[in-house]
Amino acid sequence: MLRFEDVTIRNGAFTVTADLAIEAGRRVAVIGPSGAGKSTLIEAIAGFLPVIAGRITWKGRDISHTPPGKRPVAMLFQDGNLFPHLSVAQNVGLGLRPDLRLDAGQKDRVARAIDRVGLTGMEGRRPAALSGGQQSRAALARVLVQARPLLLLDEPFAALGPALKADMLDLVAGLVRETGATLLMVSHDPGDARRIADQVIVVEGGRAHPPGDTAALLDDPPPALRDYLG
Amino acid sequence: MARRAQPLGAAPGLGAAAFVAALILGALAAVALRAEAGRGLGPSDWAAVRFTLVQAALSAGFSVALAVPVARALARRRFSGRRALIALMGAPFILPVIVAVLGLLAVFGRTGWVSTALGWAGLPPLQIYGLHGVVLAHVFFNLPLATRLILQGWQEIPAERFRLAAHLGAGPGAMRRLLEYPMLMRVAPGALAVVFAICLTSFAVALTLGGGPRATTIELAIYQAFRFDFDLGRAALLSCIQIALTGLAALAALRAARTEGAGGGLDRALRRWDAQGRAAKLLDAGVIALAAVFLILPLAAIVSAGAPALVALPASVWRAALFSGGVAVVSTCLLLALALPMAAAVAAGRRAGVELAGLLGLAASPLVIGTGLFIVLYPLADPFALALPVTALVNALMALPFALRILVPRAVQVVDRYGRLGLALDMAGWPFVRRVLLARMRPQIGFAAGLAAALSMGDLGVIALFADAEQATLPLQIYRLMGAYRMQAASGAALLLLLLSVAAFWILDRGGRGHAEI
């Protein structure tokens, strides 16, 4: 269970408040107008923005002040998810050892993850030699080896075309099903939410509302969401 | 208030900044304490102050006035070799002063090419020693710099404005009033201030082309008080004046100059609709040709005069070259050991103090620092035995402001872009530094190291203060050969120095860019 207990997150002059809980293993879409605080909420879980009141707990343990790299979190950003000077295998390997000193077993895990996302044979390539979709796959392979119980997506597929984005979401859905990870993904597109999420958190005006069932929320949206969906 | 989490620590950089500040301020304090202010300034000291200001003002004025037409011609013409010429304009930065002086002597000296030509016409030879020689050498060094600064101003006028002006039917006169004069009013003061500040601390040029009571800069007067009279009190007093002048000039230059001129984008030629007349084209062609000849002739002279002597260089020259190479290596390593942590600290958000320490090097001249270090070292150890290490250290301090200009923006950019990803992957600390920061900064590190190595290789400054007869770096050895009227050997050694400096820069810069990772 990921719990926000009367949390206030500061992002410069802007704050976002949240008091809610997400059950382990859920797939949750975070939607709302731009500037409402979706990314702020996600970044606070990942540890990039300070929690100035309340606390965030994972399985009862307070993680509000844990350094980002020590949280039970794997995250993909809007862009810049791969280091351009490292090969695909090295980028994936970073998910296991930040200093890249991998033993044979770890190298094997990297190879299997690359295989799982369909990039076999491209281990030695640099990101610049991959297509946009392949870059996303490489980043997902790293998420796979990180094997963290929480997966946060801050619209990493926004730059992909619709068909490719759908492929990636299906791949993500498959990965979280296999690993049992809890998924939180920011999205602008209610279609994304319907495709992959069983719950939706609406963020508007600096406030994150507790999650609700995706179909119910989108079919009969509350006023704030209705304005956004149009 | 919690700082944003950072993937790298600022402590080493803060330590490096504190070390630099302590060293420079310590040297300045030593100078200030040692200065015998009660004695006041003698007539020769006042003459040095006057000469310093006059030559710096003249050098700045000529450099910028001549740079305006050159920059304008480069901005509005496209021709093959344009990029090479603009690249050449960056070369004086790594060109050892003593080499350029020998080149200028070969062209403009008493027995130089121009004087020989004048002799055929029955005219007396040129006289290069004195004020005009000093100014000539300074213009040679700073005309390219001023041209780059002003060219940048031209390039920063948005192309749309030229299009709009052309659309409105603005002729050359209107174009100047509308676009070019306002730009020059913005850019020229900065260029003037930068060149003035550089020329204030001129030592090697004044040492070789000036001298005598009528053509002595403050830097040279410090050297003379030190070497000839061993009058530390007077050297310290002169140093205090120099500190005040350079400090003020550096402040003025920082305030007036918005950009450094080493920036990119200079090889873009503006599309222009004006100045298509035959006269304007001829004028631009003539200006560009003259500037190119002025810059290339002295270098060509060194190559032609030095090449025959290169095969028969005296052993002392090879020994000096070895010392110079060692000093350059140590100086470059020192520079990187200071500049990289400082750049990382700025990228980690500790901008203020670190950048200030980096700028201190601009406010203090090498001879002042050298004098200060000598005063500090004298009671503790034999300063003359430490000539080479002190030279390496001072060279690193002098290169530091330039290195930070190159390294800091890139470090900030890398941390901005990859800091969060590094944190999310638990790479904070050494893994981030090694795998991300250094890996992605390679081209900038190579460029900064190349500049530092070339500057150190060609430096004729603090070594002149400290060296005894036994040890000399290559530039100092060339100066000694000149003093002994062994011009042939001096030219050969100068060519060797030129080759070494260019090679050092090229190898390091290339090393950074090789296998360029996108």
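Small disclaimer: the values here were computed from a predicted structure and weren't measured.

Student: Any details on the overall build of chain A? Residues and values, ideally.
Tutor: From N to C terminus, chain A includes eight helices and 11 strands. Compactness check: chain A gives a C-alpha radius of gyration of 18 Å against a globular reference of 17 Å for 230 residues, within 12% of the reference. Seen along its three principal axes, the alpha-carbon backbone of chain A occupies a region of about 50 × 40 × 30 Å. The burial tally for chain A puts 55% of its 230 residues in the buried class. Sequence-distant contacts, at least 24 apart, represent 67% of the contacts inside chain A between residues at least 6 apart. Looking at chain A as shown, the accessible area adds up to about 9,300 Å², and 48% of this sits on carbon and sulfur atoms. Each charge class in chain A was averaged separately, 27 positive and 25 negative side chains, and the resulting centres sit 7 Å apart.

Student: Quick one: what's the story with the pairing of strand β4 (residues 51-58) of chain A, residue by residue and with numbers?
Tutor: Residue and element names in this part refer to chain A. In the sheet, strand β1 (residues 2-11) pairs with β4 via six bridges, with the strands oriented antiparallel. Along β4, the bridge assignment pairs Ile9 with Val51. Between β4 and strand β5 (residues 61-62), which pair antiparallel and follow one another directly, the connecting turn spans two residues, one of which, Lys59, has a positive phi of 50°.

Student: Kindly report on the side chain of Asp154(A), identifying the contributing residues and their values.
Tutor: On the secondary structure map, Asp154(A) appears in strand β7 (residues 150-154). It turns out Asp154(A) is buried and unbridged, and the closest side chain with the opposite charge, Arg420(B), is 5.3 Å from it. Residues within four places of Asp154(A) in sequence aside, it is in contact with Ser39(A), Glu43(A), Met75(A), Leu76(A), Phe77(A), Gln78(A) and Val186(A).

Student: Explain the layout of surface pockets to me, using residue names and the numbers behind them.
Tutor: Residue and element names in this part refer to chain B. The space that makes up the second largest pocket amounts to roughly 510 Å³. Taken together, 22 residues make up the lining of the second largest pocket; nearest its centre are Leu102, Leu105, Tyr129, Met482 and Met487. For the lining of the second largest pocket, the secondary structure elements donating two or more residues are α4 (97-108), α12 (278-310), α20 (474-483) and α21 (487-513). Its residues assigned to classes, the lining of the second largest pocket shows 13 nonpolar, eight polar and one charged.

Student: I'd like to hear about the interface of chain B and chain A, residue by residue, with values.
Tutor: On the side of chain A, 25 residues touch chain B, which itself brings 21 residues to the contact. Across the chain B/chain A interface, buried area totals approximately 2,200 Å², and carbon plus sulfur atoms make up 60% of it. Counting the surface chain B buries against chain A, the share from its top three residues, Arg420(B), Leu425(B) and Arg435(B), is 28%. The interface formed by chain B and chain A holds two salt bridges in total. In this structure, Arg420(B) and Glu43(A) form a salt bridge, with 2.4 Å as the shortest nitrogen-oxygen distance. Our enumeration of links across chain B and chain A arrives at five residue pairs in polar contact (both at pLDDT 80 or more). At the level of secondary structure, the elements contributing two or more residues to the side of chain B that touches chain A comprise α16 (387-424) and α17 (430-440) of chain B. If you tally residues by element for the side of chain B that touches chain A, the top one is α16(B), at seven residues.

Student: Any chance you could break down the domain arrangement of chain A for me, citing the residues and the numbers?
Tutor: Residue and element names in this part refer to chain A. Domain annotation for chain A reports domain 1 (2-72 + 148-229) and domain 2 (82-147). The centre of domain 1, based on its C-alpha atoms, is set 25 Å off from the matching centre of domain 2. The junction of domain 1 with domain 2 conceals about 1,100 Å² of combined surface from both sides, 69% of it contributed by carbon and sulfur atoms. Of all residues in domain 1, Arg148, Leu171 and Leu175 give up the largest surface area on contact with domain 2, accounting jointly for 47% of the area buried on that side. Here domain 1 and domain 2 share one salt bridge between them. Put simply, Glu178 and Arg116 hold a salt bridge, and the shortest N to O gap is 2.7 Å. A class-by-class count of the residues in the side of domain 1 that touches domain 2 yields nine nonpolar, two polar and two charged.

Student: Before we move on, can you summarise a nonpolar patch on the surface with the specific residues and values?
Tutor: All names here are of chain B. Judged by side-chain polarity, Val54, Leu58, Phe62, Leu66 and Leu131 come together as a nonpolar surface patch covering roughly 390 Å² of accessible area. The biggest single contributor to the nonpolar patch is helix α2 (residues 43-76), with four residues. With respect to the element layout, Leu131 can be found in helix α6 (residues 131-156). Since its relative accessible area comes to 32%, Leu131 is described here as partly exposed.

Student: Explain the nonpolar core to me, using residue names and the numbers behind them.
Tutor: Within the largest apolar cluster, 226 residues are counted, with the highest numbers of intra-cluster contacts made by Leu184(A) and Ile478(B). The biggest single contributor to this core is α16(B), with 23 residues. Lining this core are residues from two domains, each supplying at least three of them: domain 1 (2-72 + 148-229) and domain 2 (82-147) of chain A. Once you skip the residues sitting within four places of it in the chain, Leu184(A) turns out to touch Leu2(A), Ile22(A), Val28(A), Val30(A), Ile42(A), Ile45(A), Leu150(A), Leu151(A), Leu152(A) and Leu153(A). Grouped together as the second largest cluster of nonpolar side chains are 36 residues, Leu82(A), Ala141(A), Val143(A) and Leu153(A) included.

Student: Quick one: what's the story with the pattern of salt bridges, residue by residue and with numbers?
Tutor: Residues and elements named next belong to chain A. On inspection of all chains with the given rule, the structure shows 17 salt bridges over all chains. As a salt-bridge pair, Glu23 and Arg26 come within 3.7 Å of each other at their nearest N and O atoms. By relative accessible area, which is 42% here, Glu23 ends up partly exposed. For Arg26, a relative accessible area of 25% translates into the label partly exposed. The salt bridge involving Lys165 is made with Asp189; its shortest N-O contact spans 3.8 Å. Here the residue Lys165 occupies a position in helix α5 (residues 162-179), and Asp189 occupies one in the loop between β8 (182-187) and α6 (190-196), the gap between them amounting to 24 residues. Looking at Lys165, the relative accessible area reads 19%, which means it is buried. Given a relative accessible area of 30%, Asp189 falls into the partly exposed group. One continuous salt-bridge network, built from bridges that share partners, spans Arg97, Asp99 and Arg101.

Student: Give a description of the environment of Met168(A) that names residues and reports values.
Tutor: Residues and elements named next belong to chain A. Looking at where Met168 falls in the secondary structure, it is placed in helix α5. Its relative accessible area of 0% is what places Met168 among the buried residues. Spatially, the C-alpha atom of Met168 lies 7.5 Å from that of Phe157, the residues being 11 residues apart in sequence. Discounting residues that sit within four places of it in the chain, Met168 has contacts with Gly133, Ser136, Arg137, Leu140, Phe157 and Leu160.

Calculation notes
Residues numbered from 1 in each chain as written. Chains lettered and ligands numbered in written order. Predicted model: local features only at pLDDT ≥ 70, side-chain atom pairs only at ≥ 80, totals over all residues. Heavy atoms only, no water. Helix = DSSP H or I, 4+ residues; strand = E, 2+ residues; numbered from the N terminus. Rg over C-alpha atoms; globule rule 2.2 N^0.38 Å. Buried < 20%, exposed > 50% of the residue type's maximum accessible area, 1.4 Å probe, protein only. Contact = heavy atoms within 4.5 Å. Areas by Shrake-Rupley, 256 points an atom, 1.4 Å probe, with all protein chains shown as cover. Lys, Arg positive; Asp, Glu negative; His and termini not counted. Charge placed at Lys NZ, Arg CZ, Asp CG, Glu CD. Pairing = 2+ DSSP bridges. Salt bridge = Lys/Arg side-chain N within 4 Å of Asp/Glu carboxyl O. 1 Å grid on protein atoms, 1.4 Å probe; cavity = no way out; pocket = protein on both sides within 12 Å on 5 of 7 lines; lining within 4 Å. Points joined across faces, edges and corners; volume = space filled by probe spheres on them. Nonpolar A, V, L, I, M, F, W, Y, C, P; charged D, E, K, R; others polar. Buried area = accessible area lost by both parts, 1.4 Å probe. Polar contact = N/O pair within 3.5 Å; in protein donor to acceptor, adjacent residues only side chain to side chain. Domains from an automatic or database assignment. Patch = residues over 30% accessible without salt bridge, like charges linked within 9 Å, V, L, I, M, F, W, Y side chains within 5 Å. Core = buried A, V, L, I, M, F, W, Y, C linked by side-chain atoms within 4.5 Å.

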